[in-house]
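Here is what each chain is made of, one letter per residue.
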Amino acid sequence: AAYCLHFHHLGDVEHLVNSGEASHASYFIGNAVERGINKGITVHGTHRALVQHNVVLNQRGPGVYIEDGNELFNIIEENVVICSELSAAGQIGGIHRNSLCRIKNVSNRYQTKDSDYDEVSGLYFLAPANHAIGNRVSGYDNGMYVNVNTSGHAGLGQAEGKICPTAMPFGRTIGNVFHNNAG
């Protein structure tokens, strides 16, 4: 599977509940993902979902991934994302680039090379208007990487060319702990 847990084009889940079109909110709470390939938990074309109290261990690719750049107001809260082998984008002193938590995947879009290999991150967002609260990330190139300038500069997928992530407000980033990351 490309993604272990995946919110796929659910739209505004809060609106769907309030309008009666859905009976409950959308959330991933208390799951464990270990040694997955590609993305651990993905939020894709979905707004106001909750990703909380999950553990992602030794994921090949980003632990939590916000995919196209049009995702808004999702809450990524109190998750633990760990790569047990320190990741490094190049040689850092005696530490060489690892391969445990990065992936070169030819079936991926060329635009995701950053998220999967070059800048692999515990939390990787192509949309800045999401909230990261109380997460713990260790062992990646970046603890959290909000990429609005390279692969996601005008959106990907259904959002491509329709959004401007650099003009979006930045979500709340509160109480996260990022340690032993290379970037």
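The following paragraphs examine the structure supplied in this document. Since we're looking at a predicted model, the values are computed, not measured. (Residues numbered from 1 in each chain as written. Predicted model: local features only at pLDDT ≥ 70, side-chain atom pairs only at ≥ 80, totals over all residues. Heavy atoms only, no water.)

**Remarks on the overall build of the chain**
- Looking only at helices and strands, the chain features 2 helices and 15 strands.
- A total of 183 residues make up the chain; the buried ones form 49% of that total.
- On the chain, roughly 8300 Å² of surface is accessible, and the fraction owed to carbon and sulfur atoms is 54%. (Helix = DSSP H or I, 4+ residues; strand = E, 2+ residues; numbered from the N terminus. Buried < 20%, exposed > 50% of the residue type's maximum accessible area, 1.4 Å probe, protein only. Areas by Shrake-Rupley, 256 points an atom, 1.4 Å probe, with all protein chains shown as cover.)

**Describing the sheet that holds strand β1 (residues 3-12)**
- Spatially, 5 strands are ordered β1-β4-β7-β10-β13 in an open sheet, and the strand pairing comes out parallel. The outermost strands of the open sheet, each flanked by one partner alone, are β1 and β13 (142-146). Within the sheet, the average angular offset between the axes of one strand and its neighbour, ignoring direction, is 15°.
- With 4 bridges connecting them, strand β10 (residues 121-125) and β13 associate as parallel partners. For Tyr124, the partnering residue across the bridge sits in β13 and is Tyr145. (Pairing = 2+ DSSP bridges. Axes fitted to C-alpha atoms, helices over the stretch in contact; angles between N-to-C directions.)

**Re the packing of aromatic side chains**
- Within this structure, the stated rule accounts for 3 aromatic pairs.
- Ring centres of Phe7 and Phe28 lie 4.0 Å apart, and the angle between their planes is 20°; this geometry places the pair in the stacked category. With a gap of 21 residues between them, Phe7 in strand β1 and Phe28 in strand β2 (residues 27-29) connect regions that are remote in the sequence.
- Under the relative-accessibility criterion, Phe7 is labelled buried at 5%.
- Classification of Phe28 as buried rests on a relative accessible area of 14%. (Phe/Tyr/Trp six-rings, centres within 6.5 Å; stacked < 30°, edge-to-face > 60°.)

**Thoughts on the sheet that holds strand β9 (residues 80-82)**
- Read from one edge to the other, the open sheet built from 5 strands follows the order β3-β6-β9-β12-β15, with strand pairing classed as parallel. Of all strands in the sheet, those with a lone pairing partner are β3 (32-34) and β15 (177-179), marking the two edges. If you compare each strand with its neighbour and ignore which way they point, the axes differ by 5° on average.
- Inspection of the sheet shows β3 paired to strand β6 (residues 55-57) by 3 bridges, in the parallel sense. Directly across from Glu34, in β6, lies its bridge partner Leu57.

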